[in-house]
Each structure stands twice: as C-alpha cells, then as structure tokens.
Amino acid sequence: MTMDIKTYNMIAPEGLAVFPPAMYRINQTDKPDALLIRSQDMHKTHFGTSVLAIARAGAGVNNIPLVEASSNGTVVFNTPGSNANAVKELIVAMLVIATRPIFSSITWARKLNGADVSLQTEKGKNHFAGTELKGKTIGVIGLGAVGSRVARAAADMGMHVIGYDPYISVEHAWRLSNDIPRAGELAEVLRSSDYVTIHIPYTEKNKDLITAKELQQIKKGAILLNYSRWGIVNEDAVVAALDNGQIKQYVTDFSSSKFIKRDDVIVTPHIGGTTIEAEVCGAKMAAQTLRKYLETGNIVNSVNFPTVEMEFASALRLTLIHRNVPNMVGRITTILAQEEVNIDNMINRSRDQIAYTMIDVAAIPAEKLKNLQAALLAIPEVIRVRALQK
Ligand SMILES: NC(=O)c1ccc[n+]([C@@H]2O[C@H](COP(=O)([O-])OP(=O)(O)OC[C@H]3O[C@@H](n4cnc5c(N)ncnc54)[C@H](O)[C@@H]3O)[C@@H](O)[C@H]2O)c1
Ligand SMILES: O=C(O)[C@H](O)COP(=O)(O)O
C-alpha cells in the first residue's frame, strides 16, 4: 500500500516524519488520499472525492466545510489541546501587556542616551505605573483545552475567575478545579469581570456571540480579549464600545482595518498557536491520527465522524461510511452472508447524519473481494467502502 498525502500551510517536519517513505508519498500528486493542513481555507480549496481524510494540525475547524466533507465520506480530524499551552502563555502575556505600560516604557527607555541613563530611568519611571492582575476578576468564556488552562493560570496569579461554558465536556469539567466557579449565563460573566477572555470555536451559533447587546452588559472599563476567531466578536460593536468608553481595551489575535491606528486595540497576528512546541505537537498528532485511520480504519479526534476503535486482529477489514438510517447493519451483513463471508468482529457507530461500520473477516480472494465491495457500494445509502489488509 502506498498512499498520497498533500499538505497545506507550514507543517512541522517532525509531523511529516511520522509517514514512513515506503508507505507514503508527500506532495507528489493532485489526487491525494489525505490532506494535512492548518488554517488553509478549504471552503475555497476544492478537494476531490479521492480525499479520504483531512487532518487539521490545530484546534479550529471553521476553515473546513464539514457537512460537504461528511457527504463526501471524508473524515475530518483536529488535534485537541495540541496548542492550548501556547495560547495560555500568550494570554497571560497579553493580560500583563494590557495592564502595565510595558511597550511605552520600553520605547521610552530605548530613546535614552548619555552617561546618566540609569539616573534618567529612575527619574522617568513614575510615568509608567501600572496596575496588577491579582485581585481582579476574569471571565473565561469557553472552558475547553485553552479556556481551562487560562482559568487555572489566572487563578494561580491570584485573579478571581468566573468560567462560562454551557457545553463543557466531562473531560474538561474534570480538569477544571472546584475553586473555579461557573456562571449559568453569559450576562453574569460580563457584568462582573474586569477582563473577559473568549476561547470558543467559530460556529454558526457562535457567530457574533459578542455584539452591541453583550457589550452594553459588560462591566464599564473592562478589557476584552479574543484569541478564538474572527466573527465571534462583532468588530463594529467593539469599536463603538471603545469609543463610548464601555470597554477600555480590545486585545485580539485577529486583525481588521477597523482597528488600524487605535491605541486602545492590541492586535497580534494570529500567533496564539505559533510556537515551535505547539507546531511540532499538532503536526505529529495530526499525522498519527491520519495514519491510524488510513491503515486501520480506526477513528479518533474526528470533528464530523464518531469515535470508532476496534482491534485489527483479522486478515481483512471492511470499512463502510454510510448514512445514519435504520437497518443498515442488517443490509450490510445480508450481503456478506450472500457472499458467504464469515464475520470475525464488527462495530457500528453514528454521529448526526453519518454512520461508520467496520467488519473484520478472514482473507478473501481478490475477485470475490472486488464483487463484495461493489455489492456493498450498491446500497444507495453507502458513501464509501474500503478494504484494508492487515
Ligand atoms: N489564536 C490561536 O492561534 C488559537 C489557537 C488555538 C485555538 N484557537 C481557537 O480557540 C478555540 C478553542 O480552542 P480549544 O482548543 O480550547 O477548543 P476546545 O474544543 O477544547 O474548547 C472549546 C470550548 O468552548 C465551549 N463552547 C462552545 N461554544 C460556547 C459558547 N457559546 N459559550 C461558552 N462556551 C462555548 C465548548 O463547550 C468547549 O468546551 C478554537 O476553536 C480556535 O478557534 C485559536
Ligand atoms: O485553531 C487553531 O489551532 C489556531 O487558530 C492555530 O491556527 P494556525 O495553525 O493557522 O496557526
């Protein structure tokens, strides 16, 4: 088996090294079996039916058309938590930068010259008094991989933390310590926080989560941070809230022409996950997840398919992607029975409109396997059939 991987964006070489050259070709065809990407806009980048899987090295998958991928039988993966520490560390830095005049003091100090520089700094430092984070309240919206770490770090700095995440996973709820209270409503967080930091995915539901209405609810003079995505915070509403003094500063990873030359907006160029460690971690995780799927059919960390794992113990594995409708297992196994193929092991899982079935069987002669695959693919609700040899 030789498979083709196509990459977009800067993928760390450590990730590409996960693919053994004897089994995988990288960037040698326009009809790849799988894609390894970061923020490439796949809404505008056509991927053909050859693409079995797309792995996103990173968290956000709003750059991938998930519904189209599912109906194409393309499994989409991300790498949960791979860059969460990088974002957390940047948020800590941005909280301090927003709170103390670090940039202006450095710029001033750089301009000093003469033999008495040390004296000048001592004289001038009174112009650069800041405040502290300790004792202030921070609202953390979204308590997943990033938000839960930010909440912990803020608490460790002596801040009062209020979390908000109505959809928190059991895993992340466990990670969050009991001393971090969770609000039942967004308004509660906005009303009581000196800092509000957002760590949620961009989805249709989360588009414009923070708009004029929410900014009216926010504590006067609060500082808002958005290291999630463009579109979650309405830019016009933010500009209006800065102009009327409702918020003091907007700190974000997502630039806009609306923020140019504003001293009350601090923009970093989408570098939340841009550390060597995070890029290596995400690329390796994405490549390992892809290999697992391509070689065994097992699915972990998918954002559009169910998690499906079964030990690959037989000679042959059939994997079927099909619509999630009644009696599919019955129809599939009937065809296997008609072809006199005995099932060693089997698993079926579904997620929303899509379902996935893996069937392990003993070795089948090539011609018989071809007929079996054709018969399975002839079921109208079946989207894709693969046969994997152990
Ligand atoms: N700036 C960057 O470089 C950078 C890096 C990593 C992640 N991100 C962005 O941050 C997002 C979060 O990353 P993550 O790794 O923590 O993802 P995650 O999936 O681990 O956590 C997201 C959390 O948000 C919660 N959530 C969803 N909608 C919500 C809402 N309306 N209100 C409150 N909570 C809500 C979910 O329940 C989940 O717990 C990503 O989707 C991505 O867009 C940006
Ligand atoms: O969602 C993410 O993981 C971040 O926004 C990082 O995006 P990047 O891979 O383009 O740096």
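Not measured: the values here are computed from a predicted model.

So, on to the nonpolar core. Judged by nonpolar contacts, the single largest core of 96 residues is most densely connected at Ala34, Leu36, Ala53, Ile54, Val196, Leu225 and Leu290. In this view, Leu225 contacts Ile91, Met94, Tyr195, Val196, Thr197, Ile198, Val251 and Thr252; residues no more than four positions away in its chain are not counted.

What follows covers unusual backbone geometry. Non-glycine residue Asn9 carries a positive phi angle of around 70 degrees. By the secondary structure assignment, Asn9 is in the loop between strand E1 (3-7) and helix H1 (13-16). With a phi angle near 55 degrees, Asp208 is a residue other than glycine that sits in the positive phi range. Among the secondary structure elements, Asp208 is positioned in the loop between strand E8 (195-198) and helix H9 (212-217). Exposure remark for Asp208: the 15 C-beta atoms within 10 Å place this residue in the partly exposed category.

It is common to give the size of an interface as the accessible area lost on bringing the parts into contact. Taken domain by domain, the protein chain holds domain 1 (1-83 + 276-304), domain 2 (84-267) and domain 3 (306-390). Summarising the inter-unit geometry, the C-alpha centres of domain 1 and domain 3 are found 23 Å apart. Taken together, the contacts link nine residues of domain 1 with 17 residues of domain 3. Class assignment for the residues of the side of domain 1 that touches domain 3 results in two nonpolar, seven polar and no charged.

What follows is about the sheet that holds strand E3 (residues 34-37). Taken together, five strands build an open sheet; the order of strands is E2-E1-E3-E4-E5 and the sheet is parallel. A strand with exactly one partner marks an edge of an open sheet, and here the two such strands are strand E2 (24-26) and strand E5 (75-77). Neighbour to neighbour, the strand axes of the sheet diverge by 20 degrees on average, direction disregarded. Where E1 lies against E2, three bridges are found, and the strand directions are parallel. Considered in E2, the bridge of Ile5 is made with Ile26. The strands touched by helix H11 (residues 276-296) are E1, E3, strand E4 (53-56) and E5; relative to E4, the strand with the most contacts, the crossing angle is about 160 degrees.

Here Lys292 is to be found in helix H11. Taking C-alpha positions, Lys292 is 9.9 Å from Glu309, a pair spaced 17 residues apart along the chain.

Turning next to the pairing of E3. The side chains of a regular strand alternate, first on one face of the sheet and then on the other. Residue alternation in E3 divides its side chains into two sets, Ala34 and Leu36 and Leu35 and Ile37, and both sets are buried. For E1 and E3, the ladder comprises three bridges, and the chain directions are parallel. Looking at E3, one finds that Ile5 is bridged to Ala34. Sheet topology note: the E3/E4 ladder contains four bridges and is parallel. Paired with Leu36 across the strands is Ala55, a residue of E4.

So, on to the sheet that holds strand E7 (residues 160-164). Reading across the sheet, the six strands line up as E7-E6-E8-E9-E10-E11 and stay open at both edges, with parallel pairing between neighbours. Strand pairing shows two members of the sheet lacking a second neighbour, E7 and strand E11 (265-267), which therefore form its edges. The sheet shows a mean angle of 15 degrees between the axes of neighbouring strands, taken without regard to direction. The pairing of E8 with strand E9 (residues 222-226) spans four bridges and is classified as parallel. Within E9, the position partnered with Tyr195 by the bridge is Ile223.

Attention now moves to the site of ligand 1. What surrounds ligand 1 is a group of 33 residues, the closest being Gly60, Gly142, Gly144, Pro201 and Gly272. Breaking the shell around ligand 1 down by element, the ones donating at least two residues are helix H3 (84-99) and helix H6 (145-156). Sort the elements by how many residues they give to the shell around ligand 1 and H6 lands first, with three residues. Its residues placed into classes, the shell around ligand 1 shows 17 nonpolar, 13 polar and three charged. Built from parts of two domains, the shell around ligand 1 gets at least three residues from each of domain 1 (1-83 + 276-304) and domain 2 (84-267).

Here is what the cut-offs are and how they apply
- Residues numbered from 1 in each chain as written.
- Chains lettered and ligands numbered in written order.
- Predicted model: local features only at pLDDT ≥ 70, side-chain atom pairs only at ≥ 80, totals over all residues.
- Core = buried A, V, L, I, M, F, W, Y, C linked by C-beta atoms within 7 Å.
- Buried ≥ 20, exposed ≤ 12 C-beta atoms within 10 Å, placed from the backbone.
- Contact = placed C-beta atoms within 7 Å.
- Helix = DSSP H or I, 4+ residues; strand = E, 2+ residues; numbered from the N terminus.
- Domains from an automatic or database assignment.
- Nonpolar A, V, L, I, M, F, W, Y, C, P; charged D, E, K, R; others polar.
- Pairing = 2+ DSSP bridges.
- Axes fitted to C-alpha atoms, helices over the stretch in contact; angles between N-to-C directions.
- Near = placed C-beta within 6 Å.

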